[in-house]
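Examination of the molecular architecture
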There are 2 protein chains.
Amino acid sequence: MHIQLETVLPGDIEKRSMELLTAELPHPLDAENADVIKRVIHTTADFDYADTLTFSAGACDDTVALLRQGGVTIVTDTQMACAGVSKAACRQLGAEVRCFMGDDDVAAAARANGTTRAVAAVEKALALQGPVIFAVGNAPTALIRICEAVADGSLRPALVIGVPVGFVNVVQSKELLLTLPVPHIVNRGRKGGSNVAAAICNALLYRAAGRTL
Amino acid sequence: MHIQLETVLPGDIEKRSMELLTAELPHPLDAENADVIKRVIHTTADFDYADTLTFSAGACDDTVALLRQGGVTIVTDTQMACAGVSKAACRQLGAEVRCFMGDDDVAAAARANGTTRAVAAVEKALALQGPVIFAVGNAPTALIRICEAVADGSLRPALVIGVPVGFVNVVQSKELLLTLPVPHIVNRGRKGGSNVAAAICNALLYRAAGRTL
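Sequence order sets the numbering: in each chain, residues are counted from 1 along the sequence as written. Following the order in which they are written, the chains are lettered starting with A and the ligands numbered starting with 1. Residue-level local features of this predicted model are given only where pLDDT is at least 70; pairs of side-chain atoms are given and counted only at 80 or more, and the full residue set underlies all totals for whole chains, interfaces and linings. Side-chain measures were taken over the full set of non-hydrogen atoms in the model, leaving aside hydrogen atoms and water.

1. Side note on the environment of Val119 of chain B
Helix and strand labels come from DSSP, where a helix needs a run of H or I of at least four residues and a strand needs a run of E of at least two; each type is numbered from the N terminus. Mapped onto the secondary structure, Val119 of chain B falls in helix α8 (residues 117–125). Three exposure classes are used, based on accessible area relative to the maximum for each residue type with a 1.4 Å probe and protein chains only: buried under 20%, partly exposed in between, and exposed over 50%. What makes Val119 of chain B buried here is its relative accessible area of 12%.

Next comes the structure, spelled out in structure tokens:
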């Protein structure tokens, strides 16, 4: 069997990938959101995201402007998403990415209150000072708790990225977020994931940092 | 808008998810590989994996038996996949998960040799003692380097998980792995990812650790 490799220099692989996927997009993308959508497709090789990613008006532009001011905290609901967010871009912008899922006090609170750890981690994050971006790629329970806190006025996040994946209350948690007056990026349906959450964060961070691709 | 949530106790969410996705599978799965395929679908909500995940004969059973003996090192090509592999299961089995992508010597070697960091990280992993599982969810360049080392006899991994995602040499790197006489789990086509690599590792770890789901 003969396998023909494409010759691409290491530094050009991402650019070439973006060219290839852009050429295959099912339809033109809204300019404000195009880099986010393309980065998610780059991360998943799944063109469904061109049709299911949903943005509140100004979500990307406003978040990019905020990131440029510095001092933003990104809170993820998995260590995996936390690991996937660009530390270099965060450093450049004076942003920080945190995940509370592995914290002992979060595990204890979840046991004490009969919630998921993801919910207990959101409770912990409610105490953060300064602008917060929530990036939820895994736990619909976390997204529902965020929505409750937004609805009762106890939380005003800069952005909620609602891209949990799966089968139990995932679709519902996203539809709930879509009803709320909070900046959001949602992937409607069952798909999403920690990789998707990280990709969306990175697209916004890269734009804010002036890295073009 | 009224949103109807399904009432599921925190400890039952994963079980309920598995029930729901099992009911929607497009066809029955081979028993040896079913838990791996279902865990990937659980991680992605993408039923395409029921048709594209490809296993060499005995890959899962042999890897589970090996994990039970202890001392296995899992090498991932991203920090994200590394973060996603169950540390609790690794501890129980005396296994270790490592990623060399962030190492200073790897960055230096990549610069010196004009390769991707992913290739330099594979080079570093070649020196590991004991049984090694390579889990490649991102970089086809890493998978191609592993294939070269297998082909020239300098590497005999216990298992190669070949699930890079994307557009440049991704399909080719997987087809190359499929030609080699090495235990492998491959997702044919463009799809894959760090989340998929971690999910496959976890399915094997959970089975070895006696955790059923």
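2. Some thoughts on the confidence of the model for chain A
Confidence in the prediction for chain A averages 96 pLDDT; 99% of positions are at 70 or higher. Interface predicted TM-score (ipTM) for the complex: 0.94; the corresponding pTM is 0.96. pLDDT is defined as a per-residue confidence score from the predictor, taking values between 0 and 100.

3. Description of the relation of the copies chain B and chain A
Note: a rotation about an axis with an accompanying shift along it relates these two copies of the chain. To superpose the copies, least squares is applied to the C-alpha atoms of every residue with a pLDDT of at least 70 in both. Screw-axis analysis of chain B against chain A gives a translation of 0.0 Å along the axis, an RMSD of 0.0 Å, and a rotation angle of 180°. Such values leave the two copies arranged in the relation of a two-fold axis. When C-alpha distances to the rotation axis are compared across chain B, the minimum falls at Met80 of chain B, with a value of 2.5 Å. Contact between two residues is taken to exist if any of their heavy atoms lie within 4.5 Å; hydrogens are not considered. Of the residues that chain B buries at the interface, 100% are likewise interface residues in chain A, meaning the two copies contact each other through the same surface.

4. Regarding the sheet that holds strand β1 (residues 53–55) of chain A
Residue and element names in this part refer to chain A. Spatially, β1-β6-β5-β4-β2-β3 is the arrangement adopted by the six strands of the open sheet, whose pairing is mixed. In this open sheet, the two strands that pair with only one neighbour each are β1 and β3 (96–99). Direction aside, the axes of adjacent strands within the sheet are offset by 15° on average. Pairing between strands is defined by DSSP: at least two bridges between them are needed. As defined by bridge partners, strand β2 (residues 73–76) adjoins strand β4 (residues 132–136) across four bridges and the pair is classed as parallel. Counterpart to Val75 in the pairing with β4 is Phe134. All axes here are fitted lines through C-alpha atoms, helices being fitted over the stretch that makes contact, and every angle between N-to-C directions spans 0 to 180 degrees.

5. Considerations on the sheet that holds strand β1 (residues 53–55) of chain B
All names here are of chain B. In spatial order, the strands read β1-β6-β5-β4-β2-β3; together these six strands make up an open sheet with mixed pairing. Two strands lie at the open edges of the sheet, namely β1 and β3 (96–99), each paired on one side alone. Looking at each pair of strands side by side, their axes are set apart by 15° on average, direction ignored. Across the sheet, helix α4 (residues 59–69) touches β1, β4 (132–136), β5 (159–162) and β6 (184–187), and the angle it forms with β6 is around 130°. Packing against the sheet, helix α10 (residues 170–178) makes contact with β1, β5 and β6, and its axis sits at approximately 150° to β6.

6. Points about the packing of aromatic side chains
Each Phe, Tyr or Trp ring, with Trp reduced to its six-membered ring, pairs with another whose centre is within 6.5 Å; inter-plane angles below 30 degrees give stacked pairs, above 60 give edge-to-face pairs, and intermediate values give tilted ones. In this structure the tally under the stated criterion is two aromatic pairs over all chains. Judged by centre distance (6.0 Å) and plane angle (75°), the rings of Phe47 of chain A and Phe167 of chain B are edge-to-face. You can see Phe47 of chain A sitting in the loop between α2 (34–44) and α3 (49–52) and its partner Phe167 of chain B sitting in the loop between β5 and α10, one on each of two chains. For Phe47 of chain A, a relative accessible area of 17% puts it in the buried group.

7. A look at the nonpolar core
Of all hydrophobic cores here, the largest spans 150 residues; its most connected members are Ile200 of chain A together with Ile200 of chain B. Ignoring any residue separated from it by four or fewer positions in sequence, one finds Ile200 of chain A in contact with Val36, Val40, Leu53, Ile161, Val163 and Ile185 of chain A. What we call a nonpolar core is a set of buried Ala, Val, Leu, Ile, Met, Phe, Trp, Tyr and Cys residues that are connected through their side-chain atoms within 4.5 Å.

8. Some words on helix α4 (residues 59–69) of chain A
Residue and element names in this part refer to chain A. Along α4, the residues that are buried comprise Ala59, Cys60, Thr63, Val64 and Leu67. The buried side chains of α4 occupy one side of the element, clustering within an arc of 120° when seen end-on. Exposed and facing more than 90 degrees away from the buried side of α4 are Asp62, Arg68 and Gln69. Note on α4: the residue one or two positions beyond its end, Gly70, has a positive phi of about 85°. Regarding the arc, it is the one traced by the directions from the helix axis to the C-beta atoms.

9. Notes on the pattern of salt bridges
A side-chain nitrogen of Lys or Arg and a carboxyl oxygen of Asp or Glu constitute a salt bridge if their distance falls within 4 Å. As enumerated under the stated definition, the model contains 32 salt bridges over all chains in all. For Arg145 of chain A, the salt bridge is made with Glu123 of chain A, and the minimal N-O distance between the two is 2.5 Å. Here Glu123 of chain A lies in helix α8 (residues 117–125) and Arg145 of chain A lies in helix α9 (residues 140–151), a separation of 22 residues in the sequence. The class of Arg145 of chain A is buried, set by a relative accessible area of 16%. Take Glu123 of chain A: its relative accessible area is 37%, and that puts it in the partly exposed class. A salt bridge links Glu148 of chain B to Arg145 of chain B; the shortest N-O distance between them is 3.6 Å. Of this pair, Glu148 of chain B and Arg145 of chain B are both found in helix α9 (residues 140–151), three residues apart, which corresponds to roughly one turn of the helix. Through salt bridges with shared partners, a single network forms among Asp46, Asp48 and Lys191 of chain A together with Asp46, Asp48 and Lys191 of chain B.

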